[in-house]
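For reference, the chains in residue letters:
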Amino acid sequence: MQTETEKQKMGFWSIVLLGINGIIGSGIFLLPNQAMKLMGTASIGVFIFDALLVTSITVCFAECASLFEVNGGPYIYAKAAFGEFVGYEVGFVTWAIRMIAEATMAVAFATALGGIVPAWNTVIIKNVIVTVVIVSLALMNISGVTLSKIVNNIVTIAKLLPLLLFVLIGFFAINGSNFTPMFPGGTYHSGAFAAAAVLLFYAFTGFEGLVVAAGDMRKPEKNLPRAILLVIGIVTFFYVLLQIVSIGILGQKLGASTAPIQEAFGKIAGNFGTSLVAAGTIISIGGICVASSFITPRSGVAMAENGIMPAIVGRRNRKNAPYVAIIISATISLLIAWSGTFETLAQISVVSRFAQYIPTCLAVIVFRYTRAQEPRTFKIPGGWLIPIVAVLVSIWLLIQVDVSQLLFGFGALLIAVPFYWIMKKQVKN
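Residues numbered from 1 in each chain as written. Predicted model: local features only at pLDDT ≥ 70, side-chain atom pairs only at ≥ 80, totals over all residues. Heavy atoms only, no water.

Draft legend 1. Inspection of the layout of surface pockets at higher detail. One number sums up the size of the second largest pocket: a volume of about 420 Å³. Together, 20 residues line the second largest pocket, and Phe92, Trp95, Ala96, Met99 and Ile415 are the ones closest to its centre. Put simply, the parts of the chain that give the lining of the second largest pocket at least two residues each are α6 (84-116), α13 (323-339), α14 (342-352) and α17 (403-428). In terms of residue count, α6 provides more of the lining of the second largest pocket than any other element does, seven residues in total. By residue class, the composition of the lining of the second largest pocket is 19 nonpolar, one polar and no charged. (1 Å grid on protein atoms, 1.4 Å probe; cavity = no way out; pocket = protein on both sides within 12 Å on 5 of 7 lines; lining within 4 Å. Points joined across faces, edges and corners; volume = space filled by probe spheres on them. Helix = DSSP H or I, 4+ residues; strand = E, 2+ residues; numbered from the N terminus. Nonpolar A, V, L, I, M, F, W, Y, C, P; charged D, E, K, R; others polar.)

Draft legend 2. Focus on the packing of helix α3 (residues 31-39) against helix α9 (residues 192-201). Axis separation between α3 and α9 bottoms out at 9 Å; the angle between their running directions is 170°. In terms of their interaxial angle, α3 and α9 are classed as roughly antiparallel. Taken together, the residues of α9 that come into contact with α3 (itself represented by Leu31, Gln34, Ala35, Leu38 and Met39) are Ala192, Phe193, Ala195, Ala196, Leu199 and Leu200. Here the contact of α3 with α9 is composed, by residue class, of ten nonpolar, one polar and no charged. (Axes fitted to C-alpha atoms, helices over the stretch in contact; angles between N-to-C directions. Parallel < 35°, antiparallel > 145°, perpendicular 65-115°, else oblique. Contact = heavy atoms within 4.5 Å.)

Draft legend 3. Representation of the packing of helix α4 (residues 43-65) against helix α16 (residues 385-399) within the structure. For the pair α4 and α16, the least separation of the axes is 9 Å and the interaxial angle reads 130°. Considering the angle they form, α4 stands oblique to α16. Once α4 is placed against α16, the crossing between them reads as left-handed. For the pair α4 and α16, the contacting residues are Phe49, Leu53, Ser56, Ile57, Val59 and Cys60 in the first and Ile386, Pro387, Ala390, Val393, Ser394, Trp396 and Leu397 in the second. In terms of residue class, the contact of α4 with α16 is built from eleven nonpolar, two polar and no charged. (Left-handed = near helix turned anticlockwise from the far one by under 90°.)

Draft legend 4. Inspection of the environment of Gly248 at higher detail. Of note, Gly248 is situated in helix α11 (residues 220-250). Judged by relative accessible area, Gly248 falls into the buried class, the value being 1%. Separated by 71 residues in the primary sequence, Gly248 and Ser177 place their C-alpha atoms 8.0 Å from one another. (Buried < 20%, exposed > 50% of the residue type's maximum accessible area, 1.4 Å probe, protein only.)

Draft legend 5. Here's a closer look at the packing of aromatic side chains. If you walk through the whole model with that rule in mind, you get 19 aromatic pairs. Ring geometry for Phe204 against Tyr239: centres 5.0 Å apart, planes inclined by 70°, an arrangement best described as edge-to-face. One end of the pair, Phe204, is in the loop between α9 and α10 (209-212); the other, Tyr239, is in helix α11, and 35 residues separate them in sequence. An aromatic cluster is defined as three or more aromatic residues linked by ring pairs; in this entry it consists of Phe61, Tyr77, Phe201, Phe354 and Tyr357. One Lys or Arg, Arg298, reaches over the ring of Phe294 and ends 4.0 Å from the middle of that ring. (Phe/Tyr/Trp six-rings, centres within 6.5 Å; stacked < 30°, edge-to-face > 60°. Lys NZ or Arg CZ within 6 Å of the ring centre and 35° of its normal.)

In short, geometric facts, not functional conclusions.
The structure is reproduced here in structure tokens:
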């Protein structure tokens, strides 16, 4: 029989919806045009390439997740495999990235509203909207997982409906001649594939958020691996179909569109399609805000529970919500959003995400030796092959990134070093 605390936790399908919500955001409403501009019809293949890379990283997360049932995800895996310092680096950067991302999404939400209601497109109104969004979500999360779970489920389903309708209706409006030529101008340009792969890879990021909140899920060691793989499968299915339908309707014009899916749907469904996608964009960004506000504090909780952050950070209320971490995360996110400098800081998250991915992939190999006898509900077939391929391709992607972004990313890791020694000393005292 389930305890009251256990009932408050998320079940399998809530985990799946949280994962989908955390990945499918505003980007997919805009990315089809950028992909078309770089690779033309061949951009469909780039989506599949990135999906395979993400899947290889995802199965590494899935195997690691099957060994643990606590909050933390990449931080926990890195700490267990490589020691406290590396774990702290990963955990610190993970929490920082998520607070920056939460601020970015809140401002994106305000910006999207400003596009619909021009009178709201001012700095003062933006700050008011951002404040309402971040504070409201913090209060919702403090009230407990049950309310957060219900809101997340509703928002996820609501934002998928416009995309599903677009695919179903748009499929019958596809013009086969729009798929030629294969590349823009009929010729492949050197470096275009790598640039498109880097760009579209960002559309898949966010899946790692699931494992961070493992402690708030029922039977995470069993449910997480299955949920992660299902989430990536569903997301890939949507992305590929959206790109096919968008190209099939707009053809080469897709590359010049500023709101590709909205324009494509409007072409076949008139004002109804345009309005539906506009609403879907708002719901999508709002959905990311909901998912982010739930997951972000759990990074701090995981570090507190493992003694590398003050214990107060992990304190929970009678609803089992980590209210101190929620308040800290919301406050810092709000300050970043108000400052207006989050756009520069957001570049750090692009590179820094690999500070979570690469150590997790390598941890799989380490755990095959150090935890060889421990039971796993999921094990990657093929031995070291998939983790090694995931690491090598990740490094290849990083090489394609601008030097400035690499410096920002590594700079975030360096900033964490003094904090590690300060926090460690405080915890000991």
